[in-house]
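So you can see what is in the structure, the chains are spelled out below.
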Amino acid sequence: MLTPRQLFLRHQAQTSDFPLLLEIERAEGVYMYGPDGQRYLDLISGIGVSNVGHRHPRVLAAIQQQLDKYLHLMVYGELVQAPPAELAHALHQTLPPHLDGVFFTNSGTEAVEGALKLAKRHTGRTELISCYNAYHGSTQGALSVTGSEDFKRSYRPLLPDVRHIGFNNVSDLQHITERTAAVIVETVQGEAGVRVAENGYLQALRQRCLYTGALLILDEIQCGFGRTGTFWAFEQFGIYPDILLTAKGMGGGMPIGAFIAPQRIMAGFKSNPILGHLTTFGGHPVSCAAALATLRTIQEENLLAGVAEKAARFREQLRHPAIRAVRGCGLLMAVEFDSFAVLKPIIDRALSHEGVLTDWFLFCDNSLRLAPPLTISNSEIDESCTALLRAIDYVVG
Ligand SMILES: Cc1ncc(COP(=O)(O)O)c(C=O)c1O
């Protein structure tokens, strides 16, 4: 009998030659457990997913209740099913009133695909603008607007008429014109290494989109659902999107995403041709039930209220001569070191000797990723920081 590890290596397609290879048997709250009882403190939440912690009891109960009723019944958009309908309503209640149409997907990248199609359909324009070092997903449309040529080169040709601008670069906004269908931007850039918009940048972007008639798509797939301390990150910048994207943390550990836009814009999918955007599993009832429980947990357990204080507690403790900077917005944080050569052994040591799971970023390899569950307690934060500082000391002396 081959072990799961042998089967993983033999038959599961790999995405690198150096997978983490941790074997996990169960998870609860901020912890994951290996087969021999090893305990790992999860400081990255499955990359921004477990905002309410692993296996939150409310999420489990909602899933269980839905399992007892029905699983998949029919492709998206035909039958009236309570879980997606109630979730769409609950999402709308967190949003500015114009964002009253929700289209459910299975993932973040699918939310991006739907939004790009919708923007082209609504404006009749073709140009798409996104930022350098943005990550929007791995399917061909989302990859096209991802801002890294290294990621794209081997897969060209991708979508035509895509242009990139610098995040936080106000003068680049002039490239947004009457030709532009949409500008897609992460409200807080994630894989760029947590880059927060500087004063006035997002407001100027919003104004430029209004002036030119380009739709503003805010990708909150990583920074939404409470991660930054407000339910949506855009709330902190006094702006609003024409199309909003969510996924990752939305499902409390279940796969789901959505693009959200005014119903009058969504109506484009109903004609010329009809059925302009389809999905078999988007809005799966079990995922929707889990997402509604996640949303209610964030609201009713008042998780947003603790985010700023918890982030400050990390920042106060993460002081060390080797740490160059700590960037962040709420509990989406990046701890910067001189180089990957310094950071990588720290990440490895933290995992192997401290049982603390962290990571770096796709487009920023000198910074340590910190995105713990929003439910992390003060003592778990202290435990994390002590462990990380010990790993840093071990590596840099
Ligand atoms: C900002 C952002 N957009 C889109 C995606 C793609 O989401 P998914 O991996 O669910 O396709 C990600 C994933 O990391 C992301 O961080």
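Residues numbered from 1 in each chain as written. Predicted model: local features only at pLDDT ≥ 70, side-chain atom pairs only at ≥ 80, totals over all residues. Heavy atoms only, no water.

Break down unusual backbone geometry for me, with residues and values.
Following arginine 156, the chain continues to proline 157 via a peptide bond in cis, the omega torsion being 5°. Here proline 157 is to be found in the loop between α7 (149-152) and β6 (162-165). With an omega dihedral of 0°, the bond running from asparagine 272 to proline 273 counts as a cis peptide bond. Relative to the assigned elements, proline 273 resides in the loop between α9 (263-266) and α10 (285-300). The phi torsion at aspartate 161 lies on the positive side, around 65°, for a residue other than glycine. Turning to its location among the elements, aspartate 161 is positioned in the loop between α7 and β6. Note on aspartate 161: relative accessible area 28%, which makes it partly exposed. Even without glycine at this site, asparagine 272 takes up a positive phi of about 50°. Tracing the chain through its elements places asparagine 272 in the loop between α9 and α10. The exposed category is assigned to asparagine 272, whose relative accessible area is 64%. (Helix = DSSP H or I, 4+ residues; strand = E, 2+ residues; numbered from the N terminus. Buried < 20%, exposed > 50% of the residue type's maximum accessible area, 1.4 Å probe, protein only.)

Tell me what's going on with the site of the ligand, and back it up with residues and numbers.
The full set of residues close to the ligand is Ser107, Gly108, Thr109, Tyr135, His136, Gly137, Glu186, Asp219, Ile221, Gln222 and Lys248. Note that an oxygen atom of the ligand is positioned 2.8 Å from one of the side-chain N or O atoms of glutamine 222. A distance of 3.1 Å is found between an oxygen atom of the ligand and a side-chain nitrogen or oxygen belonging to lysine 248. Calculation on the ligand without its partners gives an accessible area of 390 Å², and the protein chains cover 83% of this total. Class assignment of the residues belonging to the shell around the ligand gives a composition of two nonpolar, six polar and three charged. (Near = heavy atom within 4 Å. Polar contact = N/O pair within 3.5 Å; in protein donor to acceptor, adjacent residues only side chain to side chain. Areas by Shrake-Rupley, 256 points an atom, 1.4 Å probe, with all protein chains shown as cover. Nonpolar A, V, L, I, M, F, W, Y, C, P; charged D, E, K, R; others polar.)

Go over the packing of aromatic side chains, please, and point to the residues and values.
Inspection of every chain in the model, using the stated rule, returns eleven aromatic pairs. With 5.7 Å between their ring centres and 90° between their planes, phenylalanine 225 and tryptophan 232 make a pair best called edge-to-face. Considered together, phenylalanine 225 and tryptophan 232 belong to a single accessibility category, that of buried residues. Ring plane angle 70° and centroid distance 4.9 Å describe the contact between phenylalanine 340 and tryptophan 360, whose orientation is recorded as edge-to-face. Here the residue phenylalanine 340 occupies a position in helix α12 (residues 340-354), and tryptophan 360 occupies one in strand β16 (residues 359-361), the gap between them amounting to 20 residues. (Phe/Tyr/Trp six-rings, centres within 6.5 Å; stacked < 30°, edge-to-face > 60°.)

For the side chain of histidine 284, give the residues involved together with the corresponding values.
Position of histidine 284 relative to the elements: it lies in the loop between α9 and α10. Polar contacts involving the side chain of histidine 284 include one to the main-chain amide nitrogen of valine 286, which spans 3.1 Å.

Describe a nonpolar patch on the surface, naming the residues involved and giving the relevant values.
A cluster of nonpolar side chains, Leu73, Met74, Val75 and Leu79, forms an exposed patch at the surface whose accessible area comes to about 320 Å². Assignment of secondary structure puts valine 75 in the loop between α3 (57-67) and α4 (82-93). Given the relative accessible area of 33%, valine 75 is considered partly exposed. (Patch = residues over 30% accessible without salt bridge, like charges linked within 9 Å, V, L, I, M, F, W, Y side chains within 5 Å. Salt bridge = Lys/Arg side-chain N within 4 Å of Asp/Glu carboxyl O.)

A description of the state of the cysteines should follow, citing residues and the corresponding values.
Counted under the stated rule, the structure contains zero disulfides. This cysteine, cysteine 385, is not joined by any disulfide, and cysteine 329 carries the nearest cysteine sulfur, 18 Å off. Cysteine 385 gets classed as buried once you look at its relative accessible area, which sits at 1%. (Disulfide = S-S within 2.5 Å.)

Account for the pattern of salt bridges, naming residues and giving values.
For the coordinates displayed, the defined rule picks out 16 salt bridges. The partner of aspartate 348 in a salt bridge is lysine 344, with the nearest N and O atoms 3.0 Å apart. Highlighted residues: aspartate 348 and lysine 344, both in helix α12, separated by four residues, approximately one helical turn. What emerges from the salt-bridge pattern is a single network uniting Glu127, Asp161, Arg163 and Arg179.

I'd like to hear about the nonpolar core, residue by residue, with values.
With 59 residues, the main nonpolar core has Leu87, Leu91, Phe104, Leu205 and Met250 as its most contacted residues. One finds Ile323, Leu343, Ala391 and Ile392 within the second-largest nonpolar core, a separate group that totals 30 residues. (Core = buried A, V, L, I, M, F, W, Y, C linked by side-chain atoms within 4.5 Å.)

Run through the sheet that holds strand β15 (residues 356-357), naming residues and quoting values.
Read from one edge of the open sheet, four strands run β1-β2-β3-β15, paired in mixed fashion. Of all the strands in the sheet, just β1 (26-28) and β15 have a single pairing partner and so form its edges. Here three bridges tie β1 to strand β2 (residues 31-33), and the two strands are oriented antiparallel to one another. Within β2, the residue paired with alanine 27 across the bridge is methionine 32. (Pairing = 2+ DSSP bridges.)

Can you break down α3 residue by residue, with the values?
For α3, the set of buried residues is Val59, Ala62, Ile63 and Gln66. In a view along the axis of α3, the buried residues occupy a sector of 100°, so they form one face of it. In this structure, α3 carries Pro57 and Gln65 as exposed residues pointing more than 90 degrees from its buried face. Residues of α3 that are buried make contact with α4 and α10. (Arc of directions from axis to C-beta. Contact = heavy atoms within 4.5 Å.)

Now, about the sheet that holds strand β7 (residues 180-186): what can you tell me, with residues and values included?
With respect to topology, seven strands assemble into an open sheet ordered β4-β12-β11-β10-β7-β5-β6, the strand pairing being mixed. Single-partner strands in this sheet number two, and they are β4 (101-105) and β6. Neighbour-to-neighbour, the strand axes of the sheet open up by a mean angle of 20°, direction not taken into account. Summarising the sheet, β4 and strand β12 (residues 257-261) pair through five bridges and their orientation is antiparallel. (Axes fitted to C-alpha atoms, helices over the stretch in contact; angles between N-to-C directions.)

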